[in-house]
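Geometric and topological summary
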Amino acid sequence: MKSATPKVLHQICGRSLVGHVLAAARELDPANLVVVVGHAREQVTAHLAEIDPATRTAVQAEQNGTGHAVRMGLEELGGAVDGTVVVVCGDTPLLTADTLKRLAETHGTDGNAVTVLTAEVPDATGYGRIVRDEATGAVTAIVEHKDATEVQREIREINSGVFAFDGQLLADALKKVRTDNSQGEEYLTDVLGILREAGHRVGASVAGDHREIAGINNRVQLAEARRILNDRLLTRAMLDGVTVVDPATTWVDVTVTFEQDAVVLPGTQLVGVTHIGEGAEVGPNSRLKDTRVGAGARVDNTVSDGAVVGARASVGPYAYLRPGTRLGAKGKIGTYVETKNASIGEGTKVPHLSYVGDATIGEFSNIGAASVFVNYDGQDKHHTTIGSHCRTGSDNMFVAPVTVGDGAYTAAGSVITKDVPPGSLAVARGQQRNIEGWVARKRPGSAAAKAAEAASRQGAGEE
């Protein structure tokens, strides 16, 4: 990956590569789930503790092959285990739980000692080939690409690296795996031949979509997997009644949820635990993270992080909702408005060019254009409270902590530093003073002076 980040911790659609694999594996309801870690194991282990604390880890101090890795995993469980052991790769984020369930069901139904998940691919370069008995179709071997003959390299059915094993037989066979191959490693695939020679049944389960088993080894493959998974998520949403106008420019995380008749316009990114309510419309060109949008709301050209938008509310265009923003039903956050840690009541409007931080605003109030809630004194943050049914003038500064009572008004251009009683009008600005003739004296001959002189003549009725 050419990255300081371990490969399995790279993310697509809101989860790490290994996180996607764990999520699929968890749907099998396993008695134990073990992740074998090696390179950068401190980072990987810390990540696992965050996303799935019940996962156990086994350390593969030296990377001596896939067979060796599985041995380390079994040792974490005390050696041989009863029942089925499913082995998956940590870099296959497109693998689905349904495919894993079919693998496990096939393994149990057919009575196999081992069942390998396979797929038919257009280009098998680099993959282990599935060699079958021509008469019975049974799997006889998996041959790694570097060890395959020219004839075997023509085979397009490949090993996915995903298996279901009989736990007891797996542990015994791993003891017999040799390292006389081009890599000098313990290949897990050699277990198939060992069990077959011992008279046990080796079967296969073919994935319906070969893209599910794709491993990620570089940034190009990472982007390809992201596109495939994103398309899968959007297809599911559209089939559930969501309108996605342009899937090619719409990106969502696996944790995003929708209700019916939601509409997503082009250029929109929905990430984290974002939820779009029934009939709500988001976009175009919006990025919503951990945001909840109520039914029938409209969010246009907006960046939102950790906000709640009430039913039938309106946001944007060009608004910025920061964490802690709560907009009530039928409220409005308008053009070039930024909010943070602000509770804005039902029907209240903050239409344009304002900053509302660390504030509570009641119901059905109107905040004038170019207003600033001055919440920071250079050391501490302070809170502003605006009541219900208030009308605040344009270009107001509310210097926190301050309270404006219900039904109060504030005059345009005011700096509010003291509490305003309910029903009052607060005026906090200097008296206007006009100095006549100032331009003619201070800017003689200028365009302004000539315009003023012409206006004076016209006012005096001169030709």
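Now for a quick tour of the structure. In this text the structure is predicted, and so the values were computed from the model without any measurement.

**Comments concerning the overall build of the protein**
A tally of helices and strands in the protein yields nine helices and 38 strands. Based on the C-alpha atoms only, the size of the protein along its principal axes is roughly 115 × 50 × 40 Å. Counting only residues that meet the buried cut, the protein has 43% of its 463 residues in that class. Of the contacts formed within the protein by residues at least 6 apart in sequence, a portion of 36% connects residues at least 24 apart. Carbon and sulfur atoms provide 49% of the accessible area of the protein, an area that totals close to 22900 Å². Averaged over its 46 positive side-chain charges, the protein has a centre that lies 8 Å from the centre of its 56 negative ones.

**Some points on the pairing of strand β7 (residues 129-132)**
In terms of strand pairing, β7 meets strand β8 (residues 139-143) through four bridges, oriented antiparallel. Looking at β8, one finds that Arg132 is bridged to Val139. Counted between consecutive antiparallel strands, the loop separating β7 from β8 contains six residues, among which Gly137 sits at a positive phi close to 80°.

**A closer look at the packing of aromatic side chains**
To describe a pair of aromatic rings, you give the distance between the ring centres and the angle between the ring planes. Tallied over the full model, the rule gives three aromatic pairs. Centre to centre, the rings of Tyr318 and Tyr336 are 5.5 Å apart; their planes meet at 15°, and the pair counts as stacked. One end of the pair, Tyr318, is in the loop between β23 (314-315) and β24 (319-321); the other, Tyr336, is in the loop between β26 (332-335) and β27 (338-344), and 18 residues separate them in sequence. The ring of Trp251 is capped by Arg227, whose NZ or CZ atom sits 4.2 Å from the centre of that ring. Above the face of the Tyr376 ring, Lys381 is positioned so that its terminal group lies 5.6 Å from the ring centre.

**Details of unusual backbone geometry**
Residue Gly316 is joined to Pro317 through a cis peptide bond whose omega torsion reads 5°. Along the chain, Pro317 turns up in the loop between β23 and β24. Cis geometry marks the peptide bond from Ala400 to Pro401, where omega comes out at 0°. Summarising the element assignment, Pro401 is placed in the loop between β34 (397-399) and β35 (402-404). We note that Phe364 has phi near 55°; this positive angle belongs to a residue other than glycine. Within the secondary structure layout, Phe364 lies in the loop between β29 (355-361) and β30 (366-367).

**What to know about the packing of helix α3 (residues 66-76) against helix α5 (residues 167-174)**
As a packed pair, α3 and α5 sit with axes 10 Å apart at the nearest point and diverge in direction by 125°. By the criterion of interaxial angle, the relationship of α3 to α5 is oblique. For the crossing formed where α3 meets α5, the hand is left-handed. Across the interface between the two elements, Gly67, Val70, Arg71 and Leu74 of α3 pack against Leu170, Ala171 and Leu174 of α5.

**Re the state of the cysteines**
Going through the model one piece at a time under the given rule, you end up with zero disulfides. Left without a disulfide partner, Cys13 is nearest to the cysteine sulfur of Cys89, which lies 20 Å away. Under the relative-accessibility criterion, Cys13 is labelled buried at 7%.

Cut-off values and rules
Residues numbered from 1 in each chain as written. Predicted model: local features only at pLDDT ≥ 70, side-chain atom pairs only at ≥ 80, totals over all residues. Heavy atoms only, no water. Helix = DSSP H or I, 4+ residues; strand = E, 2+ residues; numbered from the N terminus. Buried < 20%, exposed > 50% of the residue type's maximum accessible area, 1.4 Å probe, protein only. Contact = heavy atoms within 4.5 Å. Areas by Shrake-Rupley, 256 points an atom, 1.4 Å probe, with all protein chains shown as cover. Lys, Arg positive; Asp, Glu negative; His and termini not counted. Charge placed at Lys NZ, Arg CZ, Asp CG, Glu CD. Pairing = 2+ DSSP bridges. Phe/Tyr/Trp six-rings, centres within 6.5 Å; stacked < 30°, edge-to-face > 60°. Lys NZ or Arg CZ within 6 Å of the ring centre and 35° of its normal. Axes fitted to C-alpha atoms, helices over the stretch in contact; angles between N-to-C directions. Parallel < 35°, antiparallel > 145°, perpendicular 65-115°, else oblique. Left-handed = near helix turned anticlockwise from the far one by under 90°. Disulfide = S-S within 2.5 Å.

Remember, this is a structural readout, not a statement about activity or role.
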